[in-house]
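Per-entry structural report
Chain residues, written in single-letter form:
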Amino acid sequence: MDWFTIVLEAVEIKEINKEDKRKIRELARCYIEIWRDEPWNEDRKCPTCDEGKNNFGRNFRNTFCPVDGTRLVPYWTIRRVLKDLSKELNKKDATCLIAETTGKRIYRYFDNRALCTKKSGIKKVDKDTIIGFTWGYGIDKEEIFRLTKSVELLDLLENERVAYIDEIGVLNDFRALGIGEELCNSLIWKFNKKRYNSILTRTNPRAEAAISLFKKLGFKDTSIKDPVYNERIYLLKRLE
Ligand SMILES: CC(C)(COP(=O)(O)OP(=O)(O)OC[C@H]1O[C@@H](n2cnc3c(N)ncnc32)[C@H](O)[C@@H]1OP(=O)(O)O)[C@@H](O)C(=O)NCCC(=O)NCCS
(Lines give C-alpha, C1' and ligand atoms only; values in the text may rest on other atoms or scores of the structure.)
Protein backbone atom coordinates (compact mmCIF):
# COMPACT_ATOMS: atom_id res chain seq x y z
CA MET A 1 0.00 0.00 0.00
CA ASP A 2 1.36 3.43 -0.92
CA TRP A 3 1.25 6.14 1.69
CA PHE A 4 2.40 9.65 1.76
CA THR A 5 2.50 11.95 4.72
CA ILE A 6 1.51 15.55 5.07
CA VAL A 7 4.00 17.34 7.24
CA LEU A 8 3.30 20.78 5.83
CA GLU A 9 1.97 22.99 8.62
CA ALA A 10 2.94 20.35 11.21
CA VAL A 11 6.64 21.16 11.01
CA GLU A 12 8.24 24.52 10.43
CA ILE A 13 11.81 25.17 9.29
CA LYS A 14 13.23 28.13 11.19
CA GLU A 15 16.58 29.86 11.39
CA ILE A 16 17.86 30.26 14.92
CA ASN A 17 20.31 32.67 16.32
CA LYS A 18 23.31 31.71 18.46
CA GLU A 19 22.09 34.21 21.09
CA ASP A 20 18.86 32.23 21.60
CA LYS A 21 20.28 30.27 24.55
CA ARG A 22 17.07 28.35 25.28
CA LYS A 23 16.71 27.02 21.71
CA ILE A 24 20.44 26.32 21.41
CA ARG A 25 20.24 24.21 24.57
CA GLU A 26 17.25 22.30 23.22
CA LEU A 27 19.11 21.83 19.95
CA ALA A 28 22.03 20.33 21.90
CA ARG A 29 19.67 17.77 23.48
CA CYS A 30 18.27 16.84 20.05
CA TYR A 31 21.85 16.56 18.74
CA ILE A 32 22.88 14.12 21.48
CA GLU A 33 19.87 11.91 20.71
CA ILE A 34 20.52 11.75 16.96
CA TRP A 35 24.08 10.38 16.97
CA ARG A 36 23.44 7.48 19.36
CA ASP A 37 22.86 4.87 16.61
CA GLU A 38 24.66 3.33 13.62
CA PRO A 39 26.88 4.26 11.91
CA TRP A 40 27.87 6.97 14.40
CA ASN A 41 27.42 5.04 17.68
CA GLU A 42 28.11 8.14 19.76
CA ASP A 43 26.11 7.04 22.79
CA ARG A 44 28.98 6.26 25.19
CA LYS A 45 32.74 6.28 24.91
CA CYS A 46 35.75 4.76 26.55
CA PRO A 47 37.76 7.60 28.11
CA THR A 48 41.07 5.80 27.59
CA CYS A 49 40.81 4.39 24.03
CA ASP A 50 41.76 6.35 20.89
CA GLU A 51 39.18 8.74 19.45
CA GLY A 52 37.28 7.09 16.62
CA LYS A 53 37.72 3.65 18.22
CA ASN A 54 36.22 4.53 21.59
CA ASN A 55 32.54 5.00 20.74
CA PHE A 56 29.64 2.65 21.48
CA GLY A 57 26.04 2.83 20.27
CA ARG A 58 22.75 2.72 22.11
CA ASN A 59 22.49 -1.03 21.51
CA PHE A 60 25.83 -1.86 23.12
CA ARG A 61 24.80 -3.57 26.34
CA ASN A 62 28.03 -3.55 28.37
CA THR A 63 28.96 -0.92 30.94
CA PHE A 64 32.70 -1.44 30.43
CA CYS A 65 35.03 -1.08 27.43
CA PRO A 66 35.58 -4.49 25.76
CA VAL A 67 39.22 -3.52 25.00
CA ASP A 68 40.57 -2.39 28.38
CA GLY A 69 37.67 -2.78 30.83
CA THR A 70 37.35 0.97 31.61
CA ARG A 71 33.86 2.16 32.59
CA LEU A 72 32.15 3.85 29.62
CA VAL A 73 30.98 7.46 29.96
CA PRO A 74 28.39 9.42 27.90
CA TYR A 75 29.88 10.32 24.52
CA TRP A 76 28.30 13.76 24.39
CA THR A 77 27.48 16.09 27.23
CA ILE A 78 25.31 19.18 26.84
CA ARG A 79 28.32 21.28 27.86
CA ARG A 80 30.53 19.80 25.11
CA VAL A 81 27.86 20.18 22.42
CA LEU A 82 27.28 23.79 23.48
CA LYS A 83 31.01 24.47 23.30
CA ASP A 84 31.29 22.95 19.79
CA LEU A 85 28.14 24.72 18.66
CA SER A 86 29.30 28.09 19.85
CA LYS A 87 32.55 27.61 17.90
CA GLU A 88 30.71 26.54 14.72
CA LEU A 89 28.05 29.25 14.90
CA ASN A 90 30.68 31.96 15.24
CA LYS A 91 32.14 31.10 11.84
CA LYS A 92 31.62 33.20 8.73
CA ASP A 93 28.01 33.26 7.45
CA ALA A 94 27.08 30.54 9.95
CA THR A 95 23.46 29.52 9.45
CA CYS A 96 21.58 27.20 11.78
CA LEU A 97 18.16 25.83 10.83
CA ILE A 98 15.82 23.78 12.98
CA ALA A 99 12.72 21.76 12.16
CA GLU A 100 10.21 22.54 14.87
CA THR A 101 6.74 21.12 15.52
CA THR A 102 3.85 23.55 15.28
CA GLY A 103 1.45 21.44 17.32
CA LYS A 104 -0.58 20.44 14.26
CA ARG A 105 -1.07 16.73 13.72
CA ILE A 106 0.91 14.95 11.02
CA TYR A 107 -1.67 13.24 8.82
CA ARG A 108 -0.95 10.26 6.63
CA TYR A 109 -2.77 9.89 3.34
CA PHE A 110 -3.29 7.10 0.80
CA ASP A 111 -1.90 7.90 -2.60
CA ASN A 112 -5.47 8.56 -3.76
CA ARG A 113 -5.55 11.31 -1.12
CA ALA A 114 -8.27 9.65 0.95
CA LEU A 115 -7.55 10.58 4.54
CA CYS A 116 -6.50 7.62 6.60
CA THR A 117 -8.84 6.91 9.45
CA LYS A 118 -6.21 5.29 11.65
CA LYS A 119 -3.77 7.32 13.71
CA SER A 120 -0.46 7.86 11.98
CA GLY A 121 1.57 5.97 14.57
CA ILE A 122 3.91 8.93 14.76
CA LYS A 123 4.74 9.89 18.31
CA LYS A 124 2.77 12.89 19.45
CA VAL A 125 5.02 15.75 20.47
CA ASP A 126 4.36 19.10 22.01
CA LYS A 127 4.33 22.33 20.08
CA ASP A 128 7.67 24.07 19.44
CA THR A 129 9.80 20.95 19.86
CA ILE A 130 12.99 20.67 17.82
CA ILE A 131 12.93 17.42 15.81
CA GLY A 132 15.73 18.14 13.34
CA PHE A 133 18.49 20.57 12.50
CA THR A 134 21.20 21.51 10.08
CA TRP A 135 23.94 24.09 10.13
CA GLY A 136 26.79 25.26 7.98
CA TYR A 137 29.14 28.17 7.31
CA GLY A 138 31.53 29.62 4.78
CA ILE A 139 35.00 28.07 4.59
CA ASP A 140 38.19 29.54 3.17
CA LYS A 141 41.10 27.79 1.44
CA GLU A 142 42.94 27.07 4.70
CA GLU A 143 39.83 25.46 6.18
CA ILE A 144 39.22 23.35 3.05
CA PHE A 145 42.79 22.09 3.25
CA ARG A 146 42.64 21.57 7.01
CA LEU A 147 39.52 19.42 6.57
CA THR A 148 40.38 17.44 3.45
CA LYS A 149 44.19 17.72 3.03
CA SER A 150 43.40 17.65 -0.69
CA VAL A 151 45.39 19.83 -3.07
CA GLU A 152 43.14 18.70 -5.97
CA LEU A 153 40.09 20.02 -4.18
CA LEU A 154 41.84 23.31 -3.48
CA ASP A 155 42.66 23.62 -7.21
CA LEU A 156 39.11 22.69 -8.18
CA LEU A 157 37.64 25.31 -5.85
CA GLU A 158 40.16 28.02 -6.66
CA ASN A 159 38.49 31.47 -6.62
CA GLU A 160 35.17 30.01 -5.43
CA ARG A 161 33.09 30.90 -2.41
CA VAL A 162 32.64 27.61 -0.61
CA ALA A 163 30.15 26.76 2.16
CA TYR A 164 30.30 23.69 4.37
CA ILE A 165 27.30 21.78 5.72
CA ASP A 166 28.55 20.69 9.11
CA GLU A 167 25.61 18.72 10.48
CA ILE A 168 22.17 17.51 9.52
CA GLY A 169 19.93 15.25 11.56
CA VAL A 170 16.30 14.34 12.18
CA LEU A 171 15.03 12.46 15.25
CA ASN A 172 14.34 8.79 14.55
CA ASP A 173 10.56 9.02 14.98
CA PHE A 174 10.33 11.74 12.34
CA ARG A 175 12.50 10.31 9.60
CA ALA A 176 11.38 9.53 6.06
CA LEU A 177 8.81 12.33 6.13
CA GLY A 178 10.74 14.76 3.92
CA ILE A 179 12.04 16.84 6.84
CA GLY A 180 15.76 16.20 6.21
CA GLU A 181 15.30 17.14 2.55
CA GLU A 182 13.45 20.32 3.50
CA LEU A 183 16.19 21.28 5.99
CA CYS A 184 19.00 20.61 3.54
CA ASN A 185 17.24 22.39 0.66
CA SER A 186 16.59 25.41 2.86
CA LEU A 187 20.26 25.61 3.85
CA ILE A 188 21.38 25.26 0.22
CA TRP A 189 18.96 28.04 -0.71
CA LYS A 190 20.43 30.30 2.01
CA PHE A 191 23.98 29.74 0.75
CA ASN A 192 22.84 30.28 -2.83
CA LYS A 193 21.38 33.64 -1.79
CA LYS A 194 24.66 34.52 -0.10
CA ARG A 195 26.33 33.93 -3.47
CA TYR A 196 28.31 30.83 -2.61
CA ASN A 197 29.47 28.80 -5.62
CA SER A 198 29.85 25.38 -4.02
CA ILE A 199 28.82 23.46 -0.94
CA LEU A 200 31.03 20.82 0.63
CA THR A 201 29.93 18.24 3.17
CA ARG A 202 31.25 15.09 4.77
CA THR A 203 29.51 11.91 5.80
CA ASN A 204 30.01 8.21 6.41
CA PRO A 205 29.16 5.96 3.41
CA ARG A 206 27.41 3.68 5.91
CA ALA A 207 24.95 6.53 6.63
CA GLU A 208 22.87 5.39 3.65
CA ALA A 209 20.03 7.83 4.24
CA ALA A 210 22.42 10.80 4.35
CA ILE A 211 24.32 9.70 1.24
CA SER A 212 21.09 9.18 -0.65
CA LEU A 213 19.71 12.54 0.54
CA PHE A 214 22.84 14.46 -0.51
CA LYS A 215 22.98 12.73 -3.90
CA LYS A 216 19.29 13.44 -4.47
CA LEU A 217 20.04 17.13 -3.87
CA GLY A 218 22.89 17.17 -6.41
CA PHE A 219 25.98 16.45 -4.26
CA LYS A 220 28.66 14.36 -5.99
CA ASP A 221 31.18 12.07 -4.37
CA THR A 222 34.64 13.70 -4.57
CA SER A 223 36.40 10.37 -3.70
CA ILE A 224 38.27 12.33 -1.04
CA LYS A 225 38.42 10.59 2.32
CA ASP A 226 38.70 12.41 5.59
CA PRO A 227 42.29 12.26 6.87
CA VAL A 228 41.19 11.81 10.51
CA TYR A 229 38.00 9.73 10.25
CA ASN A 230 39.14 7.56 7.30
CA GLU A 231 35.77 6.01 6.63
CA ARG A 232 34.13 9.41 6.00
CA ILE A 233 33.98 10.92 2.51
CA TYR A 234 33.52 14.42 1.11
CA LEU A 235 30.67 15.34 -1.22
CA LEU A 236 30.43 18.51 -3.27
CA LYS A 237 27.55 20.41 -4.83
CA ARG A 238 28.09 23.18 -7.38
CA LEU A 239 25.54 25.99 -7.22
CA GLU A 240 24.27 27.81 -10.31
C1 LIG B 1 19.95 11.69 6.91
C2 LIG B 1 18.66 12.17 7.56
C3 LIG B 1 18.86 13.59 8.06
C4 LIG B 1 17.53 12.15 6.50
O5 LIG B 1 16.40 12.79 7.10
P6 LIG B 1 14.92 12.36 6.73
O7 LIG B 1 14.01 13.43 7.19
O8 LIG B 1 14.65 10.99 7.23
O9 LIG B 1 14.97 12.33 5.12
P10 LIG B 1 13.80 12.66 4.10
O11 LIG B 1 12.55 12.00 4.55
O12 LIG B 1 13.75 14.11 3.86
O13 LIG B 1 14.28 11.92 2.78
C14 LIG B 1 14.89 12.63 1.73
C15 LIG B 1 15.73 11.65 0.91
O16 LIG B 1 16.75 11.09 1.75
C17 LIG B 1 16.97 9.72 1.37
N18 LIG B 1 16.58 8.83 2.46
C19 LIG B 1 15.90 9.16 3.58
N20 LIG B 1 15.78 8.07 4.38
C21 LIG B 1 16.39 7.05 3.74
C22 LIG B 1 16.64 5.70 4.06
N23 LIG B 1 16.21 5.16 5.22
N24 LIG B 1 17.34 4.93 3.21
C25 LIG B 1 17.80 5.45 2.04
N26 LIG B 1 17.60 6.74 1.67
C27 LIG B 1 16.91 7.53 2.52
C28 LIG B 1 16.10 9.49 0.16
O29 LIG B 1 16.87 9.86 -1.00
C30 LIG B 1 14.98 10.47 0.36
O31 LIG B 1 14.34 10.84 -0.82
P32 LIG B 1 13.03 9.99 -1.30
O33 LIG B 1 12.04 10.15 -0.21
O34 LIG B 1 12.64 10.66 -2.57
O35 LIG B 1 13.48 8.58 -1.46
C36 LIG B 1 18.23 11.23 8.72
O37 LIG B 1 18.18 9.92 8.25
C38 LIG B 1 19.16 11.28 9.93
O39 LIG B 1 19.02 12.14 10.78
N40 LIG B 1 20.12 10.33 10.02
C41 LIG B 1 21.04 10.30 11.19
C42 LIG B 1 21.99 11.46 11.20
C43 LIG B 1 22.88 11.45 9.99
O44 LIG B 1 23.38 10.41 9.54
N45 LIG B 1 23.14 12.66 9.46
C46 LIG B 1 24.03 12.89 8.36
C47 LIG B 1 25.39 13.02 8.88
S48 LIG B 1 26.31 14.20 8.01
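Details of the structure are given in the entry above.
Here is a short report on the structure shown in this document.

Some remarks on the nonpolar core
By size, the foremost hydrophobic cluster in this structure holds 39 residues, and its most contacted members are Leu97, Ile98, Phe133, Leu187 and Ile199. Not counting chain neighbours up to four residues away, the residues in contact with Ile199 comprise Ala163, Ile165, Ile188, Phe191, Lys237 and Leu239.

Remarks on the site of the ligand
With respect to spatial proximity, 19 residues lie near the ligand, and among them Arg175, Gly180, Glu181, Ala209 and Leu213 are the closest. The set of elements that each furnish at least two residues to the shell around the ligand consists of strand E9 (162–170), helix H5 (179–193) and helix H6 (208–216). When residues of the shell around the ligand are assigned to their parent elements, the largest contribution, 6 residues, is made by H6. For the shell around the ligand, a count of residues per class yields 10 nonpolar, 5 polar and 4 charged.

Side note on the sheet that holds strand E12 (residues 233–238)
Pairing in this open sheet of 7 strands is mixed, and the strands run E2-E6-E8-E9-E10-E12-E11 from one edge to the other. Every interior strand has two partners, whereas the edge strands, strand E2 (11–16) and strand E11 (220–225), have only one. Strand-to-strand twist in this sheet, taken as the mean axis angle between neighbours without regard to direction, amounts to 25 degrees. Where E9 lies against strand E10 (residues 198–203), 4 bridges are found, and the strand directions are parallel.

Parameters and conventions
Along each chain, residue indices are assigned from 1 in the same order as the chain's sequence is written. Local features in this predicted model are restricted to residues whose pLDDT is 70 or higher, and side-chain atom pairs enter the listing and the counts only when it is 80 or higher, whereas totals over whole chains, interfaces and linings include all residues. A set of buried Ala, Val, Leu, Ile, Met, Phe, Trp, Tyr and Cys residues, joined through C-beta atoms within 7 Å, is what we mean by a nonpolar core. Any residue with 12 or fewer other C-beta atoms within 10 Å of its own C-beta is exposed, any with 20 or more is buried, and the rest are partly exposed; the C-beta atoms used are placed from the backbone. Two residues qualify as being in contact provided that their C-beta atoms, derived from the backbone, are within 7 Å of each other. In this text, near has one meaning. A residue is near a molecule or strand if its C-beta atom, placed using the backbone, is within 6 Å of it. Only runs of H or I of at least four residues qualify as helices and only runs of E of at least two qualify as strands under DSSP, and these elements are numbered from the N terminus. Side-chain classes are defined by residue name, with Ala, Val, Leu, Ile, Met, Phe, Trp, Tyr, Cys and Pro counting as nonpolar, Asp, Glu, Lys and Arg as charged, and the others, Gly among them, as polar. DSSP-based pairing: two strands are paired if at least 2 bridges between them are found. Structural elements are reduced to axes, namely lines fitted to C-alpha atoms, with helices fitted over the stretch in contact, and the angle between N-to-C directions of any two is expressed from 0 to 180 degrees.

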